[in-house]
Every structure is written in structure tokens, then in C-alpha cells.
Amino acid sequence: MNSEIVRKRRVLIVGAGGFAGGWIVEEALRRGLEVWAGVRASTSRQYLTDPRIKFVEFDFDDSASLASAMSQALPEGESWDWIVYNLGATKCLRFSDFNRINYEYLRSFISALKTTGKIPERLLYISSLSAVGPIAEADRHAITERDIPQPNTRYGASKLKAEMLLQMEGIPFIIFRATGLYGPRDHDYFLMFESIGKGFDFSVGYRRQMLTFLYITDLARAIFDALEKAPTGETYNVAHPSAYSQKDFRRLASEEMGKRFVMPVRVPLWGLKIVSAIAEKIGVAKGQPSTLNRDKYNIMAQRNWSVDVEKARRDFGFSPEVDLREGIRRSVDWYKKEGWLK
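## Concerning the nonpolar core
Among the nonpolar cores identified, the biggest contains 104 residues, and Y85, F109, F176, F193 and I223 are the most heavily contacted of them. When residues in this core are grouped by element, the largest group, nine residues, is from helix α3 (residues 96-116). The contacts of F109, once residues within four sequence positions are left out, are L12, V14, F58, F60, L66, M70, I83, Y85 and L123.

Okay, structure coming up:
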């Protein structure tokens, strides 16, 4: 008696070579999916060494080659069941690059999907809370999906523009507005750990700032839980539900790193604004995007990043497993093991 062979679900992870992308790939493999990593030719594959990973190279600056790469990856009539679109830029040399990378690349990618007939059952787009902007600064309410976005950064505006594109293209989508992502391999939060390890913790502004975080494996789990269970056409905030001050972060990090005393250094917002403008000009002169710039200033100046995640909990059981203390412990252990921290 012949038995029907059940094919594994096929997932394409676009932007697989980045910090989050590598962890998303690992979660997909853990769940037994057929995993495709969408990368550029120049993308590092340092954390994409599992032999089960299939690769497809995309040139997002060449629309025709996008469609060609898709056609060569899968036979005509076949497509990826799910796509996780994780490609994006958080800092750019020119502000126009935010629009090019975060919006135009997505538009070209969707066009190629339609041209090749490879529209997936679901496409999950990784957006950002910056797409919402500082809409809860006055009353400090937890940001919900019902709040009307008012981004005040070019990064946030480009992410919101991408969200709006998905809503108009007729593709079955799910949008994640992610908060600060951290964990092993991350470079951005590593700089904070490195500074605290040296005995200094820099913060900005004199008004209390409430921060939210999401450990990277919790994001990866949430992505596939949502792809399996969440309705399409919906947008979700994803963050650990607890909010923390910079003082809380400093205390937890210093305890995990065994630092008995860390000097808090508070920079006034006007001072940060000047430094950001100077750093941006230096970056342009060197031809390298600066971590500090005018866009980043607006993000750091925002005082309330608290979010309501009830919608995600209700629709697909979102429940982060790693709180900030445990996440810091895991991160610090990895940084030490890899020699990033001494």
C-alpha cells in the first residue's frame, strides 16, 4: 500500500545573515522545517553552517535578478509556504538609504514574488516600535496596536511605509513591531555591557525613561508560533511585558558581570543632540554609517517604550520565557566565552 509522503513546511528567511536572522534560522531548524536562507553574496555565513540550510542569493538592487533567483531556487509552480522578511537597516550613511533598504527592497521583493508566482501562504515582516513613534510620552501609557503611528525618525517612517505597502499588496501578511532585541552575537547592546564592564554606564536625559526588551530566542519562537496560529492581516507588538529603567538595566548587568561599582554618567539631551550631529558628519566623511546620528538621537530621546502585548498573547499565545535578568546572564556568559568581554 502506497503511503503519501508529507513534505516539510518550507520557510524562506530573508536577511538570514543578521543578528536576528541567524537565530530565526536555528529556530526553524529546531522545528523541523525545510529552511532556506535568503542572503546577499556579501553576507557573512558565520552562524549559518548547518548542512540542512539551503541558500538563495538575492541582489536587491537588481529587480530582474530577484525574480531570476527565485525561479532558479524552486521549480515553477512551487513556492515557500512561509517567508520571514527580516531584512532592514537600522543605521545608514545617508537618510535616503533608509527608504531604499527598508521600503524599496521590500517592494522589489514582493514584485518578484508576484512575477514568479511564488506568493507564500504567509509572510511575516519584522518591523519596529519606532514605526509608532513617541505617541505615549505624556501619559506614559503602554503602546498598543490601536495607537495611531507618528514616527519621528527616518528609520521609523521607512518601517511604517513598508507596513503600509504590505497592506496594499494583497499578500497574506503578519507584522511584528519589535522592541529592543538583544542576546548572544548582538553588537549594539554589547557596547552597553562593555561600558558597564569598564565601570561606566551612560544614559541620556533627566526624565525617567522606561525601556522594553526581547531576548532573541523569544522573538524566534514567537515568529513561528504566529505563522502557525495568528490570523493574517494583523500587526503585533512583541516585547517582554516588563518595562525597566536604565538604572534597572545597569544594576542587573553589573551584578551579572561582578562589578561592585559602576559610575552612572548622565548626558543631557541637548548634549547628545550635539554629539549625534558631529558623529553623523564624521561618519559621512569616513564613508561609514555612525551608530550615533540625528535619527538615533530621536530614538534615544524617547522616554516611554512600554508596550501592551495582550493582542499577541491572545492570538498566538505569545509568552516570552526569558526575563531581563536571565537574558543578561546568558548574553554576558556568551560574550565572555567568545572573548568579547574580558
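Following the structure, the description resumes.
## Topic: the environment of Q246
As for its placement among the helices and strands, Q246 is situated in helix α7 (residues 246-257). Residue class for Q246 comes out buried when judged on its relative accessible area of 12%. Residues Q246 and L211, spaced 35 residues apart in sequence, show a C-alpha to C-alpha distance of 7.4 Å. Every residue in contact with Q246, bar those within four places of it in the chain, is listed here: M192, D201, F202, S203, Q209 and L211.

## Section: the sheet that holds strand β1 (residues 10-14)
Taking strand neighbours across the sheet as the criterion, the seven strands line up as β3-β2-β1-β4-β5-β6-β10 in an open arrangement whose pairing is parallel. Across the chains shown, the open sheet's two edge strands, defined by having one partner strand only, are β3 (54-57) and β10 (234-238). Taking each pair of neighbouring strands and ignoring which way they run, the sheet shows an average axis angle of 20°. As paired elements, strand β5 (residues 122-128) and strand β6 (residues 173-178) share six bridges and run parallel to each other.

Parameters at a glance
Residues numbered from 1 in each chain as written. Predicted model: local features only at pLDDT ≥ 70, side-chain atom pairs only at ≥ 80, totals over all residues. Heavy atoms only, no water. Core = buried A, V, L, I, M, F, W, Y, C linked by side-chain atoms within 4.5 Å. Buried < 20%, exposed > 50% of the residue type's maximum accessible area, 1.4 Å probe, protein only. Helix = DSSP H or I, 4+ residues; strand = E, 2+ residues; numbered from the N terminus. Contact = heavy atoms within 4.5 Å. Pairing = 2+ DSSP bridges. Axes fitted to C-alpha atoms, helices over the stretch in contact; angles between N-to-C directions.

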